[in-house]
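A look at the structure
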Amino acid sequence: VTTYLEPERILRLEADRVVFLDQRRLPLEEVEVSCRTAAEVADAIRTMVVRGAPAIGIAAAYGMALAAATGEDLVAADAVLRESRPTAVNLAWALDEMRADPSAGHARAIHHDEVERCRRMAAHAAGLLGPGTRALTHCNAGGLATGGYGSAVGALLAAWERDLLAHVWVDETRPLLQGARLTAWELETAGIPHAVIADSAAASRMAAGEVDVVFTGADRIARNGDTANKIGTYALAVLASHHGIPFYIVAPSSTVDHAIASGDEIPIEERDPAEVTGRFTARNPAFDVTPAALITAIVTEHGVHEPPYERSLEAAVVAA
Ligand code: MRU
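As the structure is a prediction and not an experimental result, all values here were calculated from the model.

Turning next to the packing of aromatic side chains. Following the criterion strictly, the structure yields two aromatic pairs and no others. Centre to centre, the rings of Tyr 4 and Tyr 149 are 5.5 Å apart; their planes meet at 90°, and the pair counts as edge-to-face. Remark: Tyr 149 occurs in the loop between helix H7 (143-146) and helix H8 (152-161) and Tyr 4 occurs in the segment before helix H1 (7-10); sequence separation between them is 145 residues. Since its relative accessible area comes to 27%, Tyr 4 is described here as partly exposed. Judged by its relative accessible area of 4%, Tyr 149 is buried.

This is how it looks when you write it as structure tokens:
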């Protein structure tokens, strides 16, 4: 049986606090951070104590439930959480969900349902693979990013459990190293053979014939299939297309933004340039948009959505 992180270890709601496994300190230290107000939860999201699109949404849901339980102003709590990070639509989705019922039970149900969606989409994604697959992934779309099991890394876990996966190339993911720190740690925990590579090494591994498939997660998917994910994902999709390698996005339907027609409307977070270098002037766009034309298929809990995405993504709605 594959070992993976328990959802409650990643984030959970207690009577007077939301508790997070501090993702900034992994893999060196396993330390928890407690937040006692919605503003503190928003701060944990902003500073990436918790990160990854579905996990950010779950964190916000817990922030609202905490605010309701402790008698905070819910309009203010919603506002401070909503502006904590701009790109992942799961944040707004979870806050919209919590408006009608900001209870602890509802927030926990959102967490539970996201993990279940991951398991379902992972099974669909594993069905795309043959034996001996050598996969490449970017950033961390594992249990840490989704509150349990993972989207793209969930697909790798499901493939491993079905004996279809031989090896995973893990992009280190500059500048915050979610791949080298978090994905590698999760794959090690699961016992899956892997090697961390510099982001710029992906091209030569593909040219050498050592990559059969690319799986990444997503932070927001537009109606036409354009997909925002961690900076560097677009480059990988271009490389995969050049080398004739399938490029799959694995994400829950809570990541599909049916309100926007294309990736042009996705807000791209610019983070502190000091994350790139403290010595020189820098720019730090944290996400990029991969055009739908470079995406072989988008896998949600509903199944494998193929182009044209306008039509196939209509089914990608969160089931009530
Ligand atoms: O800045 P981060 O670490 O929150 O960015 C996360 C990603 O880009 C992930 O790949 C994405 O959220 C999908 S995670 C299921």
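What follows covers the environment of Ala 42. Relative to the helices and strands, Ala 42 is located in helix H2 (residues 38-46). The class for Ala 42 is buried, based on a relative accessible area of 0%. With 26 residues separating them along the chain, Ala 42 and Asp 16 place their C-alpha atoms 16 Å apart. The residues contacting Ala 42, other than those within four sequence positions of it, are Val 80, Leu 81 and Ser 84.

Turning our attention to the packing of helix H3 (residues 53-70) against helix H6 (residues 104-126). Contact geometry of H3 with H6 gives a least axis separation of 8 Å together with a crossing angle of 170°. If you check the angle between H3 and H6, you find them roughly antiparallel. Of the residues in H6, those touching H3 at Pro 54, Ile 58, Ala 61, Tyr 62 and Ala 65 are Ala 104, Ala 107, Arg 108, Ile 110, His 111 and Glu 114. Split by residue class, the contact of H3 with H6 holds eight nonpolar, one polar and two charged.

Turning to the sheet that holds strand S3 (residues 32-35), a few remarks are in order. Within a beta sheet, neighbouring strands are joined by backbone hydrogen bonds and run either parallel or antiparallel to one another. Pairing is antiparallel across the open sheet formed by three strands, whose spatial order is S1-S2-S3. Edge positions in the sheet fall to strand S1 (11-14) and S3, since each of these pairs with one other strand and no more. Between one strand axis and the next, the sheet turns through 20° on average, direction left out of account. The sheet strands contacting H3 are S1, strand S2 (17-21) and S3, and the helix crosses S1 at an angle near 5°.

To continue, consider the nonpolar core. Residues Phe 20, Val 41, Ile 45, Leu 81 and Leu 144 are the most contacted members of the largest nonpolar core, which totals 41 residues. Counting residues per element, the ones that place at least two in this core are S1, S2, H2, H3, helix H4 (74-82), helix H5 (90-100), H6 and helix H9 (178-190). Apart from the residues within four sequence positions on either side, Ile 45 is in contact with Val 50, Ile 56, Ala 59, Ala 60, Leu 81, Ser 84, Arg 85 and Leu 91. In terms of nonpolar packing, the next biggest core, distinct from the first, is built from 30 residues, Leu 129, Val 168, Ala 190 and Phe 215 among them.

Moving on, we come to H2. Of all the positions in H2, only Ala 38, Val 41, Ala 42, Ala 44 and Ile 45 are classed as buried. One side of H2 carries all its buried residues, which in axial view fall inside an arc of 160°. The inward-facing, buried residues of H2 contact S2, S3, H3, H4 and H5. One or two steps after H2, the chain reaches Met 48, where phi turns positive at roughly 70°.

Bringing the site of the ligand into the picture now. Taken together, 19 residues are adjacent to the ligand, and Arg 51, Arg 85, Asp 219, Asn 229 and Lys 230 come closest. Notes on the ligand: free accessible area 410 Å², of which the protein chains cover 100%. Mapped by element, the contributors of at least two residues to the shell around the ligand are H3, H7 and strand S9 (227-230).

As a further point, take the sheet that holds strand S6 (residues 194-197). Read across the sheet, seven strands follow the order S6-S5-S4-S7-S10-S12-S13 without closing on themselves; strand pairing throughout is mixed. Single-partner strands in this sheet number two, and they are S6 and strand S13 (303-305). Sheet twist, expressed as the average angle between the axes of neighbouring strands with direction ignored, equals 25°. Sheet analysis places strand S7 (residues 213-216) next to strand S10 (residues 247-250), joined by three bridges and oriented parallel.

This paragraph deals with the environment of Thr 227. Among the secondary structure elements, Thr 227 is positioned in strand S9. Distance from Thr 227 to Pro 291, taken between C-alpha atoms, is 6.6 Å for residues 64 residues apart in sequence. Excluding its chain neighbours within four sequence positions, the residues that come into contact with Thr 227 are Ala 218, Arg 220, Ile 221, Ile 249, Asp 288, Val 289, Thr 290, Ile 295 and Ile 298.

Thresholds applied
Residues numbered from 1 in each chain as written. Predicted model: local features only at pLDDT ≥ 70, side-chain atom pairs only at ≥ 80, totals over all residues. Heavy atoms only, no water. Phe/Tyr/Trp six-rings, centres within 6.5 Å; stacked < 30°, edge-to-face > 60°. Helix = DSSP H or I, 4+ residues; strand = E, 2+ residues; numbered from the N terminus. Buried < 20%, exposed > 50% of the residue type's maximum accessible area, 1.4 Å probe, protein only. Contact = heavy atoms within 4.5 Å. Axes fitted to C-alpha atoms, helices over the stretch in contact; angles between N-to-C directions. Parallel < 35°, antiparallel > 145°, perpendicular 65-115°, else oblique. Nonpolar A, V, L, I, M, F, W, Y, C, P; charged D, E, K, R; others polar. Pairing = 2+ DSSP bridges. Core = buried A, V, L, I, M, F, W, Y, C linked by side-chain atoms within 4.5 Å. Arc of directions from axis to C-beta. Near = heavy atom within 4 Å. Areas by Shrake-Rupley, 256 points an atom, 1.4 Å probe, with all protein chains shown as cover.

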